Amino acid sequence: MFQDFEKKAAELVDQMTLEEAASQLRYDAPAIERLGIPEYNWWSEGLHGLARAGTATVFPQAIALASAFDKDMLKKIAEVVSTEARAIYNENSKRGDRDIYKGLTIWSPNINLFRDPHWGRGQETYGEDPYLTSRLGVEFIRGLQGDGKYLKTAACAKHAAVHSGPEATRHSFDAIASAKDMEETYLPAFEAAVKEAGVAGVMGAYNRLNGEPCNGSKKLLVDIFRKKYGFEGYIVSDCWAIKDFHESHMVTSGPTESAAMAISATCDVNCGVVYLYMLKAYEEGLVTEEQIRAAAKRAMTIRLALGMFADDCEYDSIGYDDVCTPESAALAYEAGAKSVVMLKNDGILPLNRDSVKTIGIIGPTATSVNVLNGNYNGTANEYITNLDGIRAAAGEGVRILYSEGSNLFRDKVQPLAKDDDRITEAVIVAEHSDVVILSLGLDSTIEGEEGDTGNAFAAGDKNSLFLPACQQRLLEAVVKTGKPVILVINTGSAMDVTFADENCSAVLQSWYSGQYGGRVLGDILFGKICPSGKLPVTFYKDGTTPDFSDYSMKGRTYRYMDSVPLYPFGFGLSYSSFSYGAPEFDDASGEVKVAVTNTGSVDADEIVEVYISSEEAAKYGDQPRYSLCGFERISLTAGETKTVTLKISDKAFTLVNEDGERFTPGGEYTLYVGGQQPDDRSRELTGNSVQTVKIHK
């Protein structure tokens, strides 16, 4: 749709002086009053709800949304984000407030691959699988941008292209990725964002990629995005990333050369201050007037596509009454209900009010609002914490005892008190309870983005996959009481909870669960909701992952790992059970059909997962064991059978060689269809096997 506005953008930029055109390449673009162009701040966020712009609906964190494996829901959530962004923009613009976070260029989604569970920002992603990330990313972008005459908001796919930690060295780090890993793993979601979703923006990553800083990489931004993918939108630097060229990466001598390097790679908008040197770069002959004007035209095309200078934009009527509506609140609850993953249940869940009269709720995340928010969040007009949600679900007939039990992270010894003094109270609470719900985990002050967290020694990344030591001591002390323990984990990443798996009656992964996370948790514990989420990441055992700074995919994620996981990708338990019929594949349509039956006694959702492997793969070096190539969430009443049809793309039948070239090997393929991936660990945990169908190409 950008072509419709390119001519007008060119006419507008041609009326600007060179200085005015250069000024529009700043993220805080000043007004050009003589042309009727108001100031505009490009920086707005909308990862899992409109962020940093005041009151807005707070959905579960992105990694939690990925656990729902629900493409349609992702689009609906993005539609809420874009509606609330429009409302904030419209209301503030009318009052002359055009400050940061109040614009229509939403710097989301984050479609980087969560390649290593130590990465603090992995919570912002849709997990470790390129197919899952692509499908969810495309729908989120479509929901943000709408399908009208104008863009509802302008989405931005970030961070191009292989950014996934370490955070501490991201400003100087050189990520070395093979051509095969780029094509096979790191780039597919970006290609889909451009070619399928028509994403308006792309943000470059802080790090270098094979020697080139991403925001100044002609190979990445020009050769791949502009030429290979045909990307016509705007490219924006990550914030203050261009100054890293000369301050950290040491590939330029100063800001003038850095500005020239970035714009030569078609980085159009600078989040930072380096583009203040653009005219100096022009005067020194490092950039041309044509380059400056071309970038300004791409930037103005987006603003015109958003209807900023039009009097017929269909979204101008959206106002503050459209923020935090009952409908968006209901969607936040639905998203939470679909995202919780039950990792273990020995039969204790759902809780029975007739036999459970006293519940001990213990742990530092039980009353935390931070674990509902995650990072890049807005401020909800209502929060339900874990403690409040469980209390409400339990009802008046059940007594609730509470103890914080420990600090969240570092031990903070009170004057005259011994270390772990809170554990004594926790043990007392446990001993007086019929069952204990232990609420543990992290929050965005511990794992997250470098510079945004209190975890300064790791810059937002985790040094290990274990719970903080103070929480681990609490867990062990409560388990030692002999009372049944249900562990609730609020984190944005995979943790090694082997001790809990071996000693607790149930384990629930609740992620950073959104404004109604506590209500969802209470309703799951007491059976009002049947858990249905599946893991979008592998839960490794600590010490079994490759070196954090090694960007080779060898040994990483379910597709390449050679160790046994604690919990596999795609795994999640239910209060019900399901059976699968023999799948059928239609070569003409590329569709696989399978009958799925709810064989349990409760209504439940199931996520049908389809994986593919090639019998010819071994001939072509290191290849994935198998890869996700289809999924569908379905709802089944007890005893109901539905036939599910899933389209398998032609790309699923391809492999990638060492030169990064995608090809179709032909021969025999196997499709695996079931509620999990076809690995021994999944079968061991669920007792179920997947159905297979052989295909010859």
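Below is a short write-up of the structure. (Residues numbered from 1 in each chain as written. Predicted model: local features only at pLDDT ≥ 70, side-chain atom pairs only at ≥ 80, totals over all residues. Heavy atoms only, no water.)

### A closer look at the packing of aromatic side chains
Consideration 1: This structure, assessed with the given rule, holds 26 aromatic pairs.
Consideration 2: Measuring from centroid to centroid gives 6.0 Å for Tyr186 and Tyr551, while their planes differ by 40°, and the two rings are tilted. A residue pair is termed long-range when its members are at least 10 positions apart, and Tyr186 in helix α6 (residues 179-186) and Tyr551 in the loop between α19 (517-525) and α20 (557-560) qualify at 365 residues. There is no split in this pair, since Tyr186 and Tyr551 are both buried.
Consideration 3: Of the aromatic side chains, those joined through ring pairs into one cluster are Phe69, Tyr131, Tyr558, Phe569, Tyr611, Tyr626, Phe631 and Tyr672.
Consideration 4: A cation over an aromatic ring shows up here: Arg519 above the ring of Tyr516, its NZ or CZ 4.8 Å from the ring centre. (Phe/Tyr/Trp six-rings, centres within 6.5 Å; stacked < 30°, edge-to-face > 60°. Helix = DSSP H or I, 4+ residues; strand = E, 2+ residues; numbered from the N terminus. Buried < 20%, exposed > 50% of the residue type's maximum accessible area, 1.4 Å probe, protein only. Lys NZ or Arg CZ within 6 Å of the ring centre and 35° of its normal.)

### Details of helix α10 (residues 255-264)
Consideration 1: Of all 10 residues making up α10, seven are buried, and the element is well covered by its neighbours.
Consideration 2: Among the residues making up α10, those that are buried are Thr256, Ser258, Ala259, Ala260, Ala262, Ile263 and Ser264.
Consideration 3: Buried residues in α10 make contact with α8 (218-228), α9 (244-247), α11 (278-283) and α12 (289-305).
Consideration 4: Positive phi appears at Thr266, one or two residues downstream of α10, with a value of about 65°. (Contact = heavy atoms within 4.5 Å.)

### A look at the pairing of strand β19 (residues 627-636)
Consideration 1: The buried fraction of β19 is high, at eight of 10 residues.
Consideration 2: Summarising the sheet, strand β18 (residues 604-614) and β19 pair through nine bridges and their orientation is antiparallel. Across the sheet, the residue bridging to Asp605 is Ser635, located in β19. (Pairing = 2+ DSSP bridges.)

### Details of the state of the cysteines
Consideration 1: Counting across every chain of the model gives one disulfide.
Consideration 2: The side chain of Cys239 participates in a disulfide bridge whose partner is Cys271; the two sulfur atoms lie 2.2 Å from each other. Given an S-S torsion of about 85°, the disulfide between Cys239 and Cys271 has right-handed geometry. Linking Cys239 in the loop between β8 (234-236) and α9 with Cys271 in the loop between α10 and α11, this pair joins segments that are 32 residues apart in sequence.
Consideration 3: Residue classification places Cys239 among the buried positions, given a relative accessible area of 9%.
Consideration 4: According to the relative accessible area criterion, Cys271 is buried, its value standing at 0%.
Consideration 5: Left unpaired, Cys156 is separated from the closest cysteine sulfur, that of Cys239, by 10.0 Å.
Consideration 6: Here Cys267 is not disulfide-linked; the sulfur of Cys271 is the nearest cysteine sulfur, at 10 Å. (Disulfide = S-S within 2.5 Å.)

### Focus: the environment of Gln472
Consideration 1: In this structure, Gln472 sits in helix α17 (residues 469-480).
Consideration 2: Residues Gln472 and Asp547 lie 75 residues apart in sequence; the distance between their C-alpha atoms is 25 Å.
Consideration 3: Other than its neighbours up to four places away in sequence, Gln472 contacts Leu467 and Phe499.

### Notes on the sheet that holds strand β5 (residues 201-204)
Consideration 1: Strand order across the open sheet formed by three strands is β3-β5-β8, with parallel pairing between neighbours. One side of each edge strand has no neighbouring strand; the edge strands of this open sheet are β3 (156-160) and β8. Taking each pair of neighbouring strands and ignoring which way they run, the sheet shows an average axis angle of 25°.
Consideration 2: Pairing between β5 and β8: three bridges, direction parallel. Its bridge partner being in β8, Gly201 is matched across the sheet by Tyr234. (Axes fitted to C-alpha atoms, helices over the stretch in contact; angles between N-to-C directions.)

### Concerning the pattern of salt bridges
Consideration 1: Within this structure, the stated rule accounts for 41 salt bridges.
Consideration 2: With a closest N to O distance of 3.2 Å, Glu449 and Arg121 form a salt bridge. Taken together, the positions of Glu449 in the loop between β12 (435-441) and α17 and Arg121 in the loop between α4 (71-94) and α5 (130-145) put the pair 328 residues apart, joining distant regions of the chain.
Consideration 3: Of the residues examined, Glu449 reaches a relative accessible area of 6% and is grouped as buried.
Consideration 4: Exposure remark for Arg121: the relative accessible area of 1% places this residue in the buried category.
Consideration 5: In this structure, Arg422 and Glu404 form a salt bridge, with 2.9 Å as the shortest nitrogen-oxygen distance. Here Arg422, found in helix α16 (residues 421-431), pairs with Glu404, found in the loop between β11 (399-403) and α16; they are 18 residues apart in sequence, far enough to count as distant. (Salt bridge = Lys/Arg side-chain N within 4 Å of Asp/Glu carboxyl O.)

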